[in-house]
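Remarks on the overall topology
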Amino acid sequence: MGTEETREAVRAALSTLLGHELTEDTDETPLIEIDADRYDSLGVLDCVAAMEGRFGISIDLIDDDLVTNFRSVSTIGALVERKLHDARVLGLTP
Amino acid sequence: MTAVRFATSGTTGSPVAWLRGEDQLVAETRLLAGLLGGSPDGTDLDAICTHAPVGHLYGHLLGHRLPALLDVPVRQVPVTEPFDVSGARHPLLVTLPASFSVLARSLSTLDQCARVTIVFSSAAIPPLAHPVVAALGDRARLVELFGSTETGLVATRVFPTSDWTLAPDVRFVPRLLAARAGRLAIESPRLAARNSWPAPAEITLDDEVTVVGANTFRWHGRAGRLVKVNGRRLNLDAVRATLSAAAPDAAVRCVPEPDQVRGEWFTVTVDSADPATLRAVDRAVATLPAWQRPRAVQQTTAARIS
């Protein structure tokens, strides 16, 4: 999966979570600015579980700071890409 | 006697103020200290780490009064962050439903702890709680509290026990003892007063139970259509009425479901193939207070096929 594909998949998963369609235009926009009601602290945890389920990765809340990594589609996509890369290197790719 | 005011949202969103006397709060804190303050092997708590806001009764008792009574430090962090157990050998973790999502992804923070006591209140415990406790093995003790802002602590159970044991100063009302089953009705010296009314001596709750012993009961669910979303009681019939008013020709249902982050949540299903009807329901959902909104609005299968 390439970076753009990953970001598209993140965008699709978040669209489902938030209940409305996200587009490329808002990839850099903080998700809390897009939907403060849905992307509250519980919504962030929903998002963590959704990314783990969608990409078969594990988020470690000690190493993977939620405030910076789960800020926008772009930052989440970058985190997922790093996790997938690490899994490939370690031979853990699902 | 001074009183402390706690507000709840009410099942339909209207706030309700509950007054708890200082004597009630002191008594309840002592009960909690007896329940949580030590462990069978004598390892006393040395820190209280909490996700619970102190403005609510549960957070106030466990994050403010209990640490003062036990003379242990308290560390509060937002619910999205791992508990701060630095230096503690036997912390008490005061959890919310979402805490187990965090614990499951930060278990290594507890490596230093010889024992971990986890206390949970407020709602159906999320499915993640049990694997978290299992991963901690013999070091962990999970204590569940049954109660609410208006009742205070009613009963407790220690995982994996399934039945609840009444708190030492709580009793079943005689009619429930005689019937053996029905709505949970109790007498307690720690019931809250509503606004300026005197505190009642007994209360009948929304919970359906079977009495299984002089002071134990089995919980079967809530009467009516109440769910607890992140510990806040929500009447699904009221939500459905609001949404149905926006789509009078469609069958609208609120389907409760377990949730790893909120304990319980619900999905709205709409039995209509008309896009305008679905949009009307979406618009009505948007008018609800944020915490009352569903996980999703879904068109039912039958409507999609037609």
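To start, this report covers the structure provided alongside it. (Residues numbered from 1 in each chain as written. Chains lettered and ligands numbered in written order. Predicted model: local features only at pLDDT ≥ 70, side-chain atom pairs only at ≥ 80, totals over all residues. Heavy atoms only, no water.)

Brief notes about the interface of chain A and chain B
Quick reminder of the rule: Every residue pair with non-hydrogen atoms within 4.5 Å of one another is taken to be in contact. Two parts lose some accessible area (1.4 Å probe) when they are put together, and adding that loss for both gives the buried area. Salt bridge, as used here: a side-chain nitrogen of Lys or Arg that lies within 4 Å of a carboxyl oxygen of Asp or Glu. Counting of polar contacts relies on pairs of N or O atoms within 3.5 Å, with two restrictions inside protein: one atom must be capable of donating a hydrogen and the other of accepting it, and residues adjacent in sequence are counted only when both atoms are side-chain atoms. Helix and strand assignments follow DSSP, with helices taken as H or I runs no shorter than four residues and strands as E runs no shorter than two, numbered in order from the N terminus. Residue polarity follows a fixed list, in which Ala, Val, Leu, Ile, Met, Phe, Trp, Tyr, Cys and Pro are nonpolar, Asp, Glu, Lys and Arg are charged, and the others, Gly among them, are polar.
Facing the 15 residues of chain A at the interface are 19 residues of chain B. For the chain A and chain B pair, buried surface summed over both sides reaches about 1400 Å², with 60% attributable to carbon and sulfur atoms. Contact with chain B buries surface across chain A, with Leu 42, Leu 45 and Leu 61 of chain A losing the most and accounting together for 39% of the total. The interface formed by chain A and chain B includes three salt bridges. Glu 52 of chain A serves as the salt-bridge partner of Arg 105 of chain B, at 2.6 Å between the closest nitrogen and oxygen. The interface formed by chain A and chain B includes six residue pairs in polar contact (both at pLDDT 80 or more). At eight residues, the largest contribution of residues to the side of chain A that touches chain B is made by helix H3 (residues 41-55) of chain A. Grouping the amino acids of the side of chain A that touches chain B by side-chain chemistry returns eight nonpolar, two polar and five charged.

Concerning the nonpolar core
Here is the rule: Among buried residues, those of type Ala, Val, Leu, Ile, Met, Phe, Trp, Tyr and Cys that are joined through side-chain atoms within 4.5 Å constitute a nonpolar core. Type-normalised accessible area, obtained with a 1.4 Å probe on protein chains alone, sets the label of each residue: buried when under 20%, exposed when over 50%, and partly exposed for intermediate values.
Among the nonpolar cores identified, the biggest contains 70 residues, and Leu 14, Met 51, Phe 70 and Ile 76 of chain A together with Leu 184 of chain B are the most heavily contacted of them. Among the elements that line this core, the one with the most residues is H3 of chain A, at seven residues. Not counting residues within four places of it along the chain, the set of residues in contact with Leu 14 of chain A comprises Leu 22, Leu 31, Tyr 39, Cys 47, Met 51, Val 73 and Ile 76 of chain A. Judged by nonpolar contacts, the second largest core, of 22 residues, contains Cys 113, Ala 123, Val 132 and Leu 136 of chain B.

A few points about the pattern of salt bridges
If charged atoms from side chains of opposite charge come close, those side chains can pair. Residues and elements named next belong to chain A. Considering all chains together, one arrives at 23 salt bridges over all chains under this definition. Where Glu 4 meets Arg 11, a salt bridge forms, and the shortest distance between an N and an O atom there is 3.8 Å. A salt bridge links Arg 7 to Asp 27, with the shortest nitrogen-to-oxygen separation between them at 3.4 Å. Separated by 20 residues along the polypeptide, Arg 7 in helix H1 (residues 3-18) and Asp 27 in the loop between H1 and helix H2 (31-34) bring together distant segments of the chain. Through salt bridges that share partners, Glu 4, Arg 7, Arg 11, Asp 27 and Glu 28 make up one connected network.

Notes on the side chain of Glu 52 of chain A
Note that Glu 52 of chain A resides in helix H3. On the basis of relative accessibility, which here comes to 18%, the residue Glu 52 of chain A falls in the buried class. Among the polar contacts listed, one links the side chain of Glu 52 of chain A to the backbone nitrogen of Ile 59 of chain A, at a separation of 2.8 Å. Residues contacting Glu 52 of chain A, with those up to four places away along its chain left out, are Ile 57, Ser 58 and Ile 59 of chain A together with Arg 105 of chain B.

Overview of the packing of helix H1 (residues 22-36) of chain B against helix H2 (residues 57-70) of chain B
Residue and element names in this part refer to chain B. Here is the rule we go by: Only the stretch in contact is used when fitting a helix axis, every axis being a line fitted to C-alpha atoms; angles between N-to-C directions are given from 0 to 180 degrees. Each angle receives one of four descriptions, namely roughly parallel if under 35 degrees, roughly antiparallel if over 145, roughly perpendicular if within 65 to 115, and oblique otherwise.
Between H1 and H2, the least distance of the axes is 9 Å, while the angle of their chain directions is 75 degrees. The angle between H1 and H2 falls in the class roughly perpendicular. Of H2, the residues touching H1 (which contributes Glu 22, Leu 25, Val 26, Glu 28, Thr 29, Arg 30, Leu 32, Ala 33 and Leu 36) are Leu 57, His 60, Leu 61, Leu 62, Arg 65, Leu 66, Leu 69 and Leu 70. Here the contact of H1 with H2 is composed, by residue class, of 11 nonpolar, two polar and four charged.

Thoughts on the packing of H1 of chain A against helix H5 (residues 73-89) of chain A
Residues and elements named next belong to chain A. Put simply, the test is: Two helices that cross are described as forming a left-handed crossing if the nearer one is turned anticlockwise from the farther one by less than a right angle, and a right-handed crossing if clockwise.
Where H1 meets H5, the axes come as close as 9 Å, and the angle between the chain directions of the two elements is 125 degrees. In terms of orientation, H1 lies oblique with respect to H5. Relative to H5, the crossing made by H1 is right-handed. For the pair H1 and H5, the contacting residues are Thr 3, Thr 6, Arg 7, Val 10, Arg 11 and Leu 14 in the first and Val 73, Ser 74, Ile 76, Gly 77, Val 80, Glu 81 and Leu 84 in the second. Looking at side-chain class alone, the contact of H1 with H5 contains six nonpolar, four polar and three charged residues.

In short, shape yes, function no, at least from these values alone.
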